[in-house]
Amino acid sequence: MKPPYRTPRELADGGWMHPARVPMLDAVAERFAVSVSPEMAGLLRHESIARQFLPSEAELTSRAEDLADPIGDGAHSPVKGIVHRHPDRVLFKAVAVCAVYCRFCFRREMVGSNAPGVLAPDEMEAAYDYIAAHPEIWEVIVTGGDPFVLSPRRVQAITERLAAIGHVKIVRWHTRVPVVDPASITDDFVAALIAPGVASWIALHANAAEEFSPAARRAIARLVDAGIQMVSQSVLLKGVNDSVEQLEALMRIFVENRIKPYYLHHPDRAPGTSHFRMKIAQGRALVRALRGRLSGIAVPTYVLDIPGGHAKVPLLSEDVVEVAPDHWRIRDHAGNWHDYRD
């Protein structure tokens, strides 16, 4: 199998960008990791794919509202690798690398080739100990990075270790791998996700219908046929899926592949991503239009992660009030109100 493209020069040599852009894009790659899998490279003829994965000079633009930790993970991290924002569930960030690097990633300051690949053994033990010591934790969300870059052996070790903690009943894996590197979803890998005592779920991140190659559909089928429930996560992105037609096609293809549309995220304020951002009013109008075109089983919940670590809020709810053009008051799950300006 071909290796991924990891530098602007490799992408230029592959014919995916003009060589004259390489010096400027090298400056982008010095700060934000680059990796385009062969599967996605084969789809770069689609603008919706190219914009997600090819580095851009726009990433060097900084704005005052940019945040290194836009959803506030750090404020809720009691031990390395664990984010405990809600009583009944934790994020378990077991790995800090990905098969591809999305140009809009909200953790782009924390993942990539300069980050430690996997938690060290003592850090893994501390994470497991924390989960075991908190009986209120019902669900563990394994994320990163992308945990599906791990070998079946390592994935099985995580699955079995979590299943051995009596109060953990759900293990949810967040990944892009079934679409960006479908060949890695082997029978051994699928088996590694399953253990007695826990229900395994997968949240698949995809943003455009064009990502669903025949190989991706087969990989997804292997997972679902094994009894693993799948939900979707997408980000509303300017130039990728910012029309009702594009969103409709994406949600339909999720459902056709037995994936329940779950979250459509408003873009986070990660550094160098302002060219992807849309206004909340635009997103709300798109989702309202979507609801008129799709079956209820195909409509995602449009959400914002409130900056500062205050968790998600549905943007089509009474918890979101427009007090002036592009000025919103947003209520978090604890009942506190926050200002948000587009």
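Look a little higher up for the structure.
Residues numbered from 1 in each chain as written. Predicted model: local features only at pLDDT ≥ 70, side-chain atom pairs only at ≥ 80, totals over all residues. Heavy atoms only, no water.

With that out of the way, let us pick up the state of the cysteines. For the structure on display, the rule yields 0 disulfides. Note on Cys-98: no disulfide assigned, nearest cysteine sulfur contributed by Cys-105 at a separation of 6.2 Å. On the basis of relative accessibility, which here comes to 19%, the residue Cys-98 falls in the buried class. (Disulfide = S-S within 2.5 Å. Buried < 20%, exposed > 50% of the residue type's maximum accessible area, 1.4 Å probe, protein only.)

With that settled, the discussion passes to the sheet that holds strand β2 (residues 89-93). The pairing of strands in a sheet happens through backbone hydrogen bonds and is either parallel or antiparallel. Overall, mixed pairing links the 9 strands, which are arranged β1-β2-β3-β4-β5-β6-β7-β8-β9 in an open sheet. The two strands at the open ends of the sheet, each matched to only one other strand, are β1 (82-86) and β9 (312-314). On average, adjacent strands in this sheet sit at an angle of 25° to one another, irrespective of strand direction. Contacting β1, β2 and β3 (139-143), helix α5 (residues 121-132) runs over the sheet at an angle of about 175° to β2. (Pairing = 2+ DSSP bridges. Helix = DSSP H or I, 4+ residues; strand = E, 2+ residues; numbered from the N terminus. Axes fitted to C-alpha atoms, helices over the stretch in contact; angles between N-to-C directions. Contact = heavy atoms within 4.5 Å.)

Our next topic: the environment of Ser-317. Here Ser-317 is to be found in the loop between β9 and β10 (320-324). Overall, Ser-317 belongs to the partly exposed group, its relative accessible area being 23%. Spatially, the C-alpha atom of Ser-317 lies 34 Å from that of Val-95, the residues being 222 residues apart in sequence.

Shape descriptors only; they carry no functional weight alone.
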